[in-house]
Amino acid sequence: VIAVEHDSARRAAPARRAGDGPVVRRVLIGAALVLTLVLLVAPILVILARAFSGGIGPYAANVLHPETLHAVRLTLLTVAVVLPVNLLFGLAAAWAITRFRFRGRRLLLTLVELPFSISPIVAGTVYLFLYGSQGLFGPWLAEQGVRVMFSFPAIVLVSLFVTSPFVARELVTLMQAQGSEEEEAALTLGASGLQLFWRVTLPNVRWALLYGAILCTARTIGEFGAVSVVSGNVRGPDQHPAAPDRAALQRLQRAGRVRGGDDPDAAGAGDGGGQGVGGGEGAGMRDRNPFTLRPPGIVLARRSRITEAETMVDTTGAAGARRRFLKGATVTVAGAAAGAVAMPNVSRAQTAVLKMQGAWGAKDVFNDMALEYVERVNKMAGGRLKIEYLIAGAVVKPFSLQDAVNDGVLDAGHHVTAYWYGKHKAASFFGTSPCWGWNAAQGLAWIHKGGGKELYRELVQDVLKLNIVGFFAMPMPTQPLGWFKKAPATPDDMRGLKYRTVGLAADVMQAVGARVAQLPGGEILPAMERGVIDAFEFNNPTSDRRFGAQDVAKSYVMSSYHQATEFFEIMFNKTKFDSLPEEHKAILEYAAEAANTSNYALAMDNYSNDLSGSRARGR
Amino acid sequence: MPGFGLTLGCTLTYLALIVLLPLAALLLKAGSMSLADYWAVVSGPRAVASYRVTLGAAALATAINAVYGLLMAWVLVRYEFPGRRLLDAVVDLPFALPTAVAGIALTALFARQGWFGAVLEPLGLKVAYTPLGIAIAMAFTSAPFVVRTVQPVLEDLEAEVEEGARSLGASDLAIFWRVILPQLTPALLAGCALAFARCLGEFGAVIFIAGNQPLKTEITSLLAFIRLEEFDYPAAAAIATVMLAAAFVMLAVTNVIQAFYLRYAERAP
């Protein structure tokens, strides 16, 4: 339908046709030009203006950034697979549909066009249900050691789906119009099938073929929605505008680690200045990582956050100052990152390296706690076993950690069971429970000695069929009800309130009458600022303070029954874990018990200081 | 004619593997819910609000495109002027531009400090982060559909009919309304149906400009995406089936219009 016959002859026009009057003509042409300028051209201009706003230098630097190059390479590779396949499909489909009459021909044509009208999100979703870890073929493929989701094949598959109609549609329209007389003539002259195709059909349709190929390529390059779903690597649309500096922070953190051990304060420069900029559990942006799949659409989306930061409303007075800081920090940090890259890498021979990602942003005290665990493992193992720790978002979003560890994208993860509560409500036994009549330390005792460990193994490995082993650490004190614009006086005040919590508490609060949103920590602040939620709880005074809860809500309400116990779940890919020598397995398990004590001490020290500090300041 | 078995076989196999099998997986997933659960998901207040936002914005975007598409097709076919070929090429821009880029660019334009936003917001017209912004983003990504469906039909219109009308004393406006427009209507409707379908499913361009507030500016495809992120796979499947059903309805509408149009085309010599 979209076919255009550009070359359609402009026949010698008759003297005068409707609308040929000079006034009408000018008005219509003018209107068309203005509308096109406003609707279609202005967006291109604004993109170009932004791209070159810093002159050619920064532009080139952005384009030549390894991340950009990696994304471009990935996209070209996708095009290289998708285009030939869809060209062949288009030719076959057009030939079958236009050269033969058979039952169901119209139905076939409809099927060919179907992906046109299917939302790219639906396209991504259906593939997730087919090949994802809980999909139709996912488990079987995983047994065969094949991973489709969150990898290159997934991107190719959804691109095939989304772009399959382009070539076919162009060809069908044209070949239907052309009819088959020429081919029939060639046949009577004794042409073989191949000769027919090469010498008659192909020359006739080459422009439509080219146009279809261009559309198909453009769409493959530009596809965003479908790829977002299956590449597991897109930022949520509610990303905080300040987030791009996370990658930079993380690079800084890594740079620190390369030079001098596991000191989390290496990120100190970023920490101080970034106070209250958002962050928390999920604000991490991905660092450069050769294993991540990030087509340009997604890189762009991510880069655009800077633009967005500028165009979005400044919700807090300090935002401008923060932004300036961020720009400075980005430059500094880029230098640090370059330094880190240039540094010779420590030899890793004979060392098993486990890649672990946390569900926490760089500033969160939970990140410090995760690093305490990592430090314990690395020191006890004396260099033979090493955990490489990444902050939230470095590879996957916080809520995707479990899938990533199960699929082997990551070797290990540090999060809480509430984050996969959506898969099975029994997850709340191992964190996020309301009062069971015990406190968190007693809950951990139940896990260790009361049968909890066995139930956890059964839930994860037998019921959910996940390839994961996990340990628990850190008895978190009863969690406050959270931050409110106006403190609730009675349970009735919760009714209709848009409230962020996770896990079983989400169901409990829903029953109380609240409208519950389950968001990762990093999305809490922007959601508050934009009125998506009215109130939220996260976990403790320190984490809350560090991501800036006090900037968006006035009242901090303490007593609550909604989450009396919670612990960190430190999980490993079971295949990877089982492949380790016994002493390493023991280190990974016992380090959780050791981190239990140090985490608790860190919490008591920080939580009490931050809470009394908040009280003293009045917010 | 040779190659029937080969081409039909390839086509069917490919369609089955790439299109039908995944769709079946979706239905299977949605089918694992009880009817009551399914209904609760697809008729929840947030879901219903997202349908309203999506349908409303898509309708507005299609209306914009109908007018713009008709105008563009007319200008491109009927007039010769410098830059016509360039204008013709520019129409395909939204197809070539990645949707995410389009969304970011439109947001930059219509946000308070943007080129257009700076002019419009003082007038009380907020575009970015409102349903109007969603409609603009949808209109952008689906703009070529109407132009490209109407254009060829307009090119093929016979001048004789117009001349006949003129010799009977019809004015330009009367000729347009009573002679030309009726002939364009099927193509115009087909283009609008395609554009509308594309609008319903648009994601990349919209999420950047929408503001994405539940109940207010959250589109259905984003809701499905959020449910996926929350691992609420059945709910995501349920919402996806609603969108799939909408896609099928739009496809049926397009086909009916096309069938009508083809009959008309075959009758014409």
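Rules used in this analysis
- Residues numbered from 1 in each chain as written.
- Chains lettered and ligands numbered in written order.
- Predicted model: local features only at pLDDT ≥ 70, side-chain atom pairs only at ≥ 80, totals over all residues.
- Heavy atoms only, no water.
- Helix = DSSP H or I, 4+ residues; strand = E, 2+ residues; numbered from the N terminus.
- Buried < 20%, exposed > 50% of the residue type's maximum accessible area, 1.4 Å probe, protein only.
- Contact = heavy atoms within 4.5 Å.
- Areas by Shrake-Rupley, 256 points an atom, 1.4 Å probe, with all protein chains shown as cover.
- Pairing = 2+ DSSP bridges.
- Axes fitted to C-alpha atoms, helices over the stretch in contact; angles between N-to-C directions.
- Parallel < 35°, antiparallel > 145°, perpendicular 65-115°, else oblique.
- Left-handed = near helix turned anticlockwise from the far one by under 90°.
- Phe/Tyr/Trp six-rings, centres within 6.5 Å; stacked < 30°, edge-to-face > 60°.
- pLDDT = per-residue confidence, 0-100.
- Core = buried A, V, L, I, M, F, W, Y, C linked by side-chain atoms within 4.5 Å.
- Salt bridge = Lys/Arg side-chain N within 4 Å of Asp/Glu carboxyl O.
- Buried area = accessible area lost by both parts, 1.4 Å probe.
- Polar contact = N/O pair within 3.5 Å; in protein donor to acceptor, adjacent residues only side chain to side chain.
- Nonpolar A, V, L, I, M, F, W, Y, C, P; charged D, E, K, R; others polar.
- Expected span 1.5 Å × (residues − 1).
- Patch = residues over 30% accessible without salt bridge, like charges linked within 9 Å, V, L, I, M, F, W, Y side chains within 5 Å.

Secondary structure assignment for chain A yields 24 helices and 10 strands. For chain A, with 619 residues in total, the buried portion stands at 58%. Long-range contacts, defined here as pairs at least 24 residues apart, represent 79% of the contacts in chain A between residues at least 6 apart. Accessible area of chain A: about 24900 Å², with a carbon and sulfur share of 62%.

This paragraph deals with the overall build of chain B. A count of helical and extended segments in chain B gives 13 helices and zero strands. For chain B, contacts bridging at least 24 residues in sequence account for 75% of all contacts bridging at least 6. Summed over its atoms, the accessible surface of chain B is roughly 10500 Å², and 72% of this surface lies on carbon and sulfur atoms.

Residues and elements named next belong to chain A. Counting buried residues along strand β10 (residues 566-573), eight of its eight residues qualify, which places the element largely inside the surrounding structure. When strand β3 (residues 412-415) meets β10, the two strands line up antiparallel, connected through four bridges. Bridge assignment links G413 to a residue of β10, and that residue is M571. Summarising the sheet, strand β4 (residues 468-476) and β10 pair through seven bridges and their orientation is antiparallel.

All names here are of chain A. Within the open sheet, the five strands sit side by side as β2-β1-β3-β10-β4. Their pairing is mixed. Unpaired on one side and paired on the other, β2 (385-390) and β4 mark the two borders of the sheet. For this sheet, the mean inter-axis angle between neighbouring strands, taken without regard to orientation, is 20°. In the sheet, strand β1 (residues 352-358) pairs with β2 via six bridges, with the strands oriented parallel. Within β2, the residue paired with M356 across the bridge is Y389. Sheet strands in contact with helix α17 (residues 440-449) are β4 and β10, and its direction is about 155° off that of β4. Sheet strands touched by helix α24 (residues 582-617): β1, β2, β4 and β10. Its angle to β4, the strand with the most contacts, is close to 25°.

This part takes up the packing of helix α8 (residues 131-156) of chain B against helix α10 (residues 172-201) of chain B. All names here are of chain B. Two elements in contact, α8 and α10, have axes whose closest approach is 8 Å; the angle formed by their N-to-C orientations is 150°. Looking at the two axes, α8 sits roughly antiparallel to α10. The two elements α8 and α10 meet at a crossing, and its hand is right-handed. The residues of α10 that touch α8, namely those facing M138, T141, S142, F145, V146, T149, V150, V153 and L154, are I180, Q183, L184, A187, L188, G191, C192, L194, A195, R198 and C199.

Residue and element names in this part refer to chain A. Topologically, F197 is positioned in helix α9 (residues 193-222). For F197, a relative accessible area of 24% puts it in the partly exposed group. Taking the C-alpha atoms as reference points, F197 and W95, separated by 102 residues in sequence, lie 10.0 Å from one another. Not counting residues up to four positions away in its chain, the partners in contact with F197 are L91, L202 and P203.

Moving on, we get to the packing of aromatic side chains. Following the criterion strictly, the structure yields 34 aromatic pairs over all chains and no others. Taken together, W360, F366, F399, Y419, F536, F538, F547 and F568 of chain A form an aromatic cluster joined through their ring pairs.

The next thing to look at is the confidence of the model for chain B. Mean pLDDT over chain B works out to 85, with 97% of the residues at or above the 70 mark. Listed scores for the predicted complex are pTM 0.60 and ipTM 0.84.

Before going further, it helps to spend a moment on the nonpolar core. Counting residues in hydrophobic clusters, the biggest one holds 260 residues, and the most contacted among them are Y127, Y373, F572 and L588 of chain A. Ranked by the residues each element gives to this core, the list is headed by α10 of chain B, at 17 residues. Of all hydrophobic cores here, the second largest spans 11 residues; its members include L497, Y499, A535 and V557 of chain A.

The subject of this paragraph is the pattern of salt bridges. Applying the stated criterion to the full structure yields 21 salt bridges over all chains. Between K379 of chain A and E375 of chain A there is a salt bridge, with its nearest N and O atoms 3.1 Å apart. Of this pair, K379 of chain A and E375 of chain A both sit in helix α15 (residues 365-381), separated by four residues, roughly a single helical turn. Note on E375 of chain A: relative accessible area 29%, which makes it partly exposed. The partner of R46 of chain B in a salt bridge is E218 of chain B, and the shortest N-O contact between them spans 2.8 Å. Of the two residues, R46 of chain B is situated in helix α3 (residues 45-78) and E218 of chain B in the loop between α11 (204-210) and α12 (220-229); the sequence distance between them amounts to 172 residues. Salt bridges sharing partners connect three or more residues here, namely E375, R376 and K379 of chain A.

All names here are of chain A. Phi is positive for K465, which is not a glycine, with a value near 55°. Considering the arrangement of structural elements, one finds K465 in the loop between α18 (452-463) and β4. We classify K465 as exposed; its relative accessible area is 65%. Located in the positive-phi region is M474, a residue other than glycine, with phi close to 75°. Residue position: M474 is located in strand β4. Under the relative-accessibility criterion, M474 is labelled buried at 0%.

Pairing is mixed in the open sheet, where five strands are placed in the order β7-β6-β8-β5-β9 (chain A). The sheet is open, and its two edges are formed by β7 (515-517) and β9 (555-557) of chain A, each paired on a single side.

In this complex, chain B contributes 109 residues to the contact, which on the side of chain A involves 112 residues. With both sides pooled, the region where chain B packs onto chain A buries about 10000 Å², and carbon together with sulfur makes up 71% of that total. Among the residues chain B hides against chain A, the three largest losses belong to M1, Y79 and F231 of chain B. Together they make up 8% of the total. The interface formed by chain B and chain A holds zero salt bridges in total. Here chain B is connected to chain A by eight residue pairs in polar contact (both at pLDDT 80 or more). A breakdown of the residues in the side of chain B that touches chain A according to their chemical character gives 76 nonpolar, 15 polar and 18 charged.

It is worth spelling out α15 of chain A at this point. All names here are of chain A. Here α15 spans 25 Å end to end across 17 residues, near enough to the 24 Å set by a 1.5 Å rise per residue. The opening residue of α15 is D364, an N-cap whose side-chain oxygen sits 2.9 Å from the backbone nitrogen of F366. Just downstream of α15, G382 is the residue with a positive phi angle, here 60°.

All names here are of chain A. Two elements in contact, helix α4 (residues 105-117) and helix α7 (residues 152-178), have axes whose closest approach is 6 Å; the angle formed by their N-to-C orientations is 135°. One way to sum up the angle between α4 and α7 is to call them oblique. Both α4 and α7 take part in a crossing whose hand is left-handed. Contacts between α4 and α7 involve R105, L109, V112, E113, P115 and F116 from the former and F161, V162, S164, P165, F166, A168, R169, V172 and Q176 from the latter. Residue classes in the contact of α4 with α7 are distributed as 10 nonpolar, two polar and three charged.

This part covers a nonpolar patch on the surface. A contiguous nonpolar surface patch, about 830 Å² in accessible area, is contributed by L45, L48, F52, I56, Y59, V63, L64 and L69 of chain A together with W115 of chain B. The element contributing the most residues to the nonpolar patch is helix α2 (residues 56-64) of chain A, with four residues. By secondary structure assignment, the location of L45 of chain A is in helix α1 (residues 22-51).

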